[in-house]
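What follows is each chain in one-letter form.
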Amino acid sequence: MELDDYLHILRKSWVLILVTSLLSLGAAAGWSFMQTPKYEATTQLFVSVRTGDTSVGDLSQGSSFAQQAVTSYVSIVDSAAVLDRVIDDLDLPMTRRELAKQVTADSPQDTVLINIQVTDADPHQAVRIADTTSAVLADVIVNNLEQTSEGAPTRVHVDVVQPAELPESPASPKGPMNLLIGLACGVLLGGAAALLRNTLDTKVRSK
């Protein structure tokens, strides 16, 4: 069949395509409405290594060490050492495993930054958890992981460069996007059904 044949089939089956589009659109709207809104709060940490010498070589080595260490620091965000303290500090009614599902962390490539994202049904709670998690992580890194000896100053410093801001709108569900996807799926399903129906139709309609 040529393009004109396909277009003719789709025009002839516009009712079927319209119905499937509306049904898919309604399903997407219903699913979005049933989902609990989730808000996302993000904090950002800056990791640095400070040395007594300010030569170019020492500064370069300190920067390289910080970039390598950041990868390990990201992986301990959901550890017991961090999340158990967050739960105790905020008196959260949840387990560490449940909290870990709400907390994610990443580091942009070739940087010494750590981003901590927290999702929660309560936007204020999301902010509190994000800020507390970043503070606890910084303390664990400086006073536990990088502490060479008791009372000795550590060269690694972790500073909060971006505290969490109160989210104004939920991060999910994304209503408009879900509706657009639902509509697109409905059109595709309707078009596929129209073409399939035409393929299976073996009636002789002309002399």
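What comes next is a walk through the structure. (Residues numbered from 1 in each chain as written. Predicted model: local features only at pLDDT ≥ 70, side-chain atom pairs only at ≥ 80, totals over all residues. Heavy atoms only, no water.)

**Points about the overall build of the chain**
Move 1: Of regular secondary structure, the chain possesses seven helices and four strands.
Move 2: Listing every helix and strand of the chain by position from the N terminus yields α-α-β-α-α-α-β-β-α-β-α.
Move 3: Classification of the 207 residues of the chain by burial places 31% in the buried group.
Move 4: Looking at the chain alone, contacts between residues at least 24 apart form 75% of all its contacts between residues at least 6 apart. (Helix = DSSP H or I, 4+ residues; strand = E, 2+ residues; numbered from the N terminus. Buried < 20%, exposed > 50% of the residue type's maximum accessible area, 1.4 Å probe, protein only. Contact = heavy atoms within 4.5 Å.)

**A look at unusual backbone geometry**
Move 1: The backbone phi angle of D91 is positive, close to 55 degrees, even though this residue is not glycine.
Move 2: Positionally, D91 belongs in the loop between helix 4 (80-90) and helix 5 (96-100).
Move 3: Overall, the relative accessible area of 66% leaves D91 in the exposed class.
Move 4: One non-glycine residue, D110, adopts positive backbone phi at about 60 degrees.

**So, the nonpolar core**
The nonpolar side chains of soluble globular proteins are, as a tendency, buried together.
Move 1: V47, L99, I114, L137 and V158 are the most contacted members of the largest nonpolar core, which totals 35 residues.
Move 2: By residue number, the principal contributor to this core is helix 6 (residues 123-145), which donates ten residues.
Move 3: If sequence neighbours within four positions are ignored, I114 has contacts with T43, Q44, L45, V47, V70, Y73, V74, D106 and L137. (Core = buried A, V, L, I, M, F, W, Y, C linked by side-chain atoms within 4.5 Å.)

**Points about the packing of helix 1 (residues 3-12) against helix 7 (residues 175-200)**
Move 1: Between helix 1 and helix 7, the least distance of the axes is 9 Å, while the angle of their chain directions is 105 degrees. By the criterion of interaxial angle, the relationship of helix 1 to helix 7 is roughly perpendicular. Contacts from Y6, I9, L10 and K12 in helix 1 reach G191, A194, L195 and N198 in helix 7.
Move 2: Here the contact of helix 1 with helix 7 is built from residues that sort into five nonpolar, two polar and one charged. (Axes fitted to C-alpha atoms, helices over the stretch in contact; angles between N-to-C directions. Parallel < 35°, antiparallel > 145°, perpendicular 65-115°, else oblique. Nonpolar A, V, L, I, M, F, W, Y, C, P; charged D, E, K, R; others polar.)

**Some thoughts on the sheet that holds strand 1 (residues 39-49)**
Move 1: Taken in spatial order, the four strands line up as 2-3-1-4 in an open sheet, and their pairing is antiparallel. Two strands in the sheet have a free side with no partner beyond their single neighbour: strand 2 (103-106) and strand 4 (156-162). When the angles between neighbouring strand axes are averaged without regard to direction, this sheet yields 25 degrees.
Move 2: Bridge analysis of strand 1 against strand 3 (residues 113-120) gives eight bridges, and the strand direction is antiparallel. By the bridge assignment for strand 3, T43 is matched with I116. (Pairing = 2+ DSSP bridges.)

**What about helix 7?**
Move 1: A rise of 1.5 Å per residue sets the reference length of helix 7, with its 26 residues, at 38 Å; its end C-alpha atoms lie 37 Å apart and thus fit the reference within 8%.
Move 2: Buried residues of helix 7: N178, G182, G186, G190, G191 and A194, and no others.
Move 3: The inward-facing, buried residues of helix 7 contact helix 1 and helix 2 (14-34). (Expected span 1.5 Å × (residues − 1).)

**Here's the deal with a nonpolar patch on the surface**
Move 1: Taken together, W14, V15, L18, V19, L22 and L23 make up a surface patch of nonpolar side chains, about 610 Å² in accessible area.
Move 2: With respect to the helices, strands and loops of the structure, L22 is situated in helix 2.
Move 3: Relative accessible area serves as the criterion here: at 53%, L22 is assigned to the exposed category. (Patch = residues over 30% accessible without salt bridge, like charges linked within 9 Å, V, L, I, M, F, W, Y side chains within 5 Å. Areas by Shrake-Rupley, 256 points an atom, 1.4 Å probe, with all protein chains shown as cover. Salt bridge = Lys/Arg side-chain N within 4 Å of Asp/Glu carboxyl O.)

**Examining the environment of D106**
Move 1: Residue placement: D106 occurs in strand 2.
Move 2: D106 sits in the partly exposed class, given a relative accessible area of 31%.
Move 3: In this structure, the C-alpha to C-alpha distance between D106 and S75, residues 31 residues apart in sequence, is 8.6 Å.
Move 4: With residues up to four places along the chain from it excluded, the contact list for D106 reads V74, L113, I114, N115 and Q117.
Move 5: A distance of 3.0 Å separates polar atoms of two side chains, one belonging to D106 and the other to Q117. (Polar contact = N/O pair within 3.5 Å; in protein donor to acceptor, adjacent residues only side chain to side chain.)

Take it as geometry only, folks, not as evidence of what the structure does.
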